[in-house]
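Each chain, letter by letter, is given below.
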Amino acid sequence: MVQVIGLRAGAAVTPLLKSKRFMDLEQMPGDELRLCQIFDGDQPIDDALVAVRHTGGGEQIVDISMHGGPRIVQRVLLLLKGMGINIVEPIELLSEGYQTCDTIEQEMLELLLRAKTRNVASWLIKVADKLRIQIKQSIQNIQEGDMDSARRWLVDVLSNSEKVRLLLEGVRVVLIGEANTGKSTLANVLAERERAVVSDVPGTTRDWVEHPGAINGIPFTFVDTAGIRESTEPIEIEAVRRAHGQIELADLMLRVIDISMPPTMADRIAIEEFNNEGDKFIGRRVYVWNKSDRPMHADHKILMERVTDSGGVVSAHSGEGIDHLRNLLARVAGVSDFSGGGPMLITGRQVEACEKALSALTKAEPDNYEAVRWLKFVVHKVDFKAEDRHSGGYN
Ligand SMILES: Nc1nc2c(ncn2[C@@H]2O[C@H](COP(=O)(O)OP(=O)(O)OP(=O)(O)O)[C@@H](O)[C@H]2O)c(=O)[nH]1
Ligand SMILES: [Mg+2]
């Protein structure tokens, strides 16, 4: 939703909108919603529901709820900007205290604006305080000569930082498999949304489609790709090439096999790959046999036995096995035990500072002063060069 606020905001946005009924947004009562079309010049670009609120101070607040995705919203923002409307970045909406917060708090607030689930948002709010407390504790440990505790904590917190990326950006699961195995249907079910185009014509999906979803409050993105099959059609060859490109970007690979059809050569090769130690996806693969509501082709039994803890049998239609699959995906991604736990480093800057602190502590002759400085830097970004090494001391 785009919100336009200001004196005569209604009049300002009226040129963008058309509706069946004559519409003067300035006069529109506050308890009405109106269906409009948004125009870029003569070109309609989206439908929108529009409401106008009139504040006591003579300002108007126009809410424009659009139908389309981020690109449409971006286009509307550009149009508004072109009309002289000032675009406010989310960060500017943070409270006035933002500038005076310490750096951990500021970074947390910035990430909070992008949190994809409620769970992640509440985790972020708590994690900043936990981190600050732990950093202070580590500084105190070093000052008291207990370098081991500080080192141990740093090693521990640094080893968790990859998990933070999954929590913030979401786990990326790419669905691959032969055409018509039910990848799009399954991606919809997993994301608990209806979005991708599904049909019984093999080769329906021609490009990859992202379905944002969540498993137990952890964001997941399910990436539906074009079915992998031999084709001489250029568009389809390109789609398959792009599917392979998506595999490279994924955290997990979910292979979908049609249980009701005879296994194909590609299915058999995939089974061989599952336990191939040399493969970079080892431990990050989940295989499912979809369409369990149909009679099973006997040849699959032996293949399934070769894939341990695979994901098993599911039906995107009946829902059989879907809960098990969702839990398995969370487990394989390493986020199933996430309960908010202890402190974590939430930005690259924090990770870098902790790495420097750790390396200062693990030198042949540990540099405690340097370590404390980097730990303090995690909490408060300061310009090191401007600080005199000998003037400040530890505190
Ligand atoms: N019986 C049954 N049919 C299913 C199931 N899942 C998908 N289908 C059907 O299988 C057909 C293919 O499904 P899609 O989801 O389009 O398959 P796809 O793998 O995305 O196909 P491409 O995009 O062509 O590669 C559709 O007719 C679906 O309704 C299932 O669990 N059971
Ligand atoms: Mg598809």
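Rules and cut-offs
Residues numbered from 1 in each chain as written. Chains lettered and ligands numbered in written order. Predicted model: local features only at pLDDT ≥ 70, side-chain atom pairs only at ≥ 80, totals over all residues. Helix = DSSP H or I, 4+ residues; strand = E, 2+ residues; numbered from the N terminus. Buried ≥ 20, exposed ≤ 12 C-beta atoms within 10 Å, placed from the backbone. Expected span 1.5 Å × (residues − 1). Arc of directions from axis to C-beta. Contact = placed C-beta atoms within 7 Å. Pairing = 2+ DSSP bridges. pLDDT = per-residue confidence, 0-100. Axes fitted to C-alpha atoms, helices over the stretch in contact; angles between N-to-C directions. Left-handed = near helix turned anticlockwise from the far one by under 90°. Nonpolar A, V, L, I, M, F, W, Y, C, P; charged D, E, K, R; others polar. Parallel < 35°, antiparallel > 145°, perpendicular 65-115°, else oblique. Core = buried A, V, L, I, M, F, W, Y, C linked by C-beta atoms within 7 Å. Domains from an automatic or database assignment.

Draft legend 1. Spatial organisation of the overall build of the protein. When helices and strands are counted, the protein shows 13 helices and 10 strands. Expressed as a percentage of its 395 residues, the buried residues of the protein come to 31%.

Draft legend 2. Representation of helix α5 (residues 147-159) within the structure. Look at α5: 18 Å from first C-alpha to last across 13 residues, which is about the 18 Å you get at 1.5 Å a residue. Within α5, burial applies to Ala150, Leu154 and Val157. Looking straight down α5, one finds that the buried residues subtend no more than 75° of arc, so they occupy a single side. Those residues of α5 that are exposed and aimed more than 90 degrees away from the buried face are Asp148, Asp156 and Ser159. Looking at the buried positions of α5, the neighbouring elements they touch are α4 (118-143) and α12 (348-361).

Draft legend 3. Quick peek at the pairing of strand β6 (residues 171-177). β6 sits mainly inside the fold: six of its seven residues count as buried. Direction of pairing for β6 relative to strand β8 (residues 218-224): parallel, over a ladder of five bridges. Bridge pairing in β8 places leucine 175 opposite aspartate 224. Judged from the five bridges that link them, β6 and strand β9 (residues 252-258) form a sheet pairing that is parallel. What sits directly across from leucine 175, in β9, is leucine 254.

Draft legend 4. Up close: α12. The end-to-end C-alpha distance of α12, which contains 14 residues, comes to 20 Å, matching closely the 20 Å that a straight helix rising 1.5 Å per residue would cover. The complete set of buried residues in α12 reads Gln350, Ala353, Cys354, Ala357 and Leu361. Around the axis of α12, the buried residues are gathered within 95° of arc, so they sit on the same side. Packed against the buried residues of α12 are α5 and α13 (368-379).

Draft legend 5. Focus on the confidence of the model for the protein. Put simply, the protein has an average pLDDT of 84, and 86% of its residues get 70 or more. Scored below 50 in pLDDT, residues 388-395 shows three contacts in the model against residues more than four places distant or in partner chains.

Draft legend 6. Just the sheet that holds strand β5 (residues 59-66), in detail. Here five strands make up an open sheet; going across it, the order is β1-β5-β4-β3-β2 and the pairing antiparallel. Edge positions in the open sheet fall to β1 (2-7) and β2 (17-18), since each of these has one partner strand only. Bridge count between strand β3 (residues 34-40) and strand β4 (residues 43-54): seven bridges; the pairing is antiparallel. When the bridges of β4 are listed, glutamine 37 appears paired with aspartate 47. Sheet contacts for helix α2 (residues 70-82): β1, β3, β4 and β5; angle to β1, the most-contacted strand, approximately 20°.

Draft legend 7. How the structure looks around the packing of α5 against α12. Running from N to C, α5 and α12 point in directions that differ by 145°, and their axes come no closer than 10 Å. Note on packing geometry: the crossing formed by α5 with α12 is left-handed. Counted together, Met147, Ala150, Arg151, Leu154, Val155, Val157 and Leu158 of α5 and Val351, Cys354, Glu355, Ala357, Leu358 and Leu361 of α12 form the full contact between these two elements. Counted by class, the contact of α5 with α12 contains 11 nonpolar, no polar and two charged residues.

Draft legend 8. Seen up close, the sheet that holds strand β7 (residues 209-215). Strand order in this open sheet of five strands is β7-β8-β6-β9-β10, and the pairing throughout is mixed. Among the strands making up the open sheet, the edge pair consists of β7 and β10 (285-290). Pairs of neighbouring strands in the sheet enclose a mean axial angle of 25°, with direction left out of account.

Draft legend 9. Broad picture of the packing of α4 against α13. Two numbers describe how α4 lies on α13: the axes approach to 10 Å, and their chain directions differ by 165°. Viewed along their axes, α4 and α13 adopt a mutual orientation that is roughly antiparallel. The interaxial crossing formed by α4 with α13 has left-handed handedness. Along the contact surface, α4 presents Arg132, Ile135, Ser138, Ile139 and Ile142, while α13 presents Asn368, Ala371, Val372, Leu375, Lys376, Val378 and Val379. Along the lines of polarity and charge, the residues of the contact of α4 with α13 split into eight nonpolar, two polar and two charged.

Draft legend 10. Fine view of the nonpolar core. The biggest cluster of nonpolar side chains holds 67 residues, and the ones touching the most others in it are Val173, Leu175, Leu252, Leu254, Val288 and Leu329. Each of domain 2 (100-160 + 344-379) and domain 3 (171-333) gives at least three residues to this core. Not counting chain neighbours up to four residues away, the residues in contact with leucine 175 comprise Lys183, Leu186, Ala187, Phe222, Val223, Asp224, Thr225, Leu254 and Val256. In terms of nonpolar packing, the next biggest core, distinct from the first, is built from 14 residues, Ala48, Val52, Val62 and Ile64 among them.

Draft legend 11. Up close: unusual backbone geometry. If you check the backbone angles, arginine 8 has positive phi at about 60° while not being a glycine. A positive phi angle, close to 75°, is found at asparagine 180, a residue other than glycine. Mapping asparagine 180 onto the fold places it in the loop between β6 and α7 (183-191).

Draft legend 12. Region of the structure containing the environment of tyrosine 98. Positionally, tyrosine 98 belongs in the loop between α2 and α3 (103-112). Judged by C-beta crowding, with 14 C-beta atoms within 10 Å, tyrosine 98 ranks as partly exposed. Tyrosine 98 sits 12 residues away from glutamate 110 along the chain, and the two C-alpha atoms are 9.8 Å apart. For tyrosine 98, the contacting residues outside a window of four places in its chain are Gln106 and Leu109.

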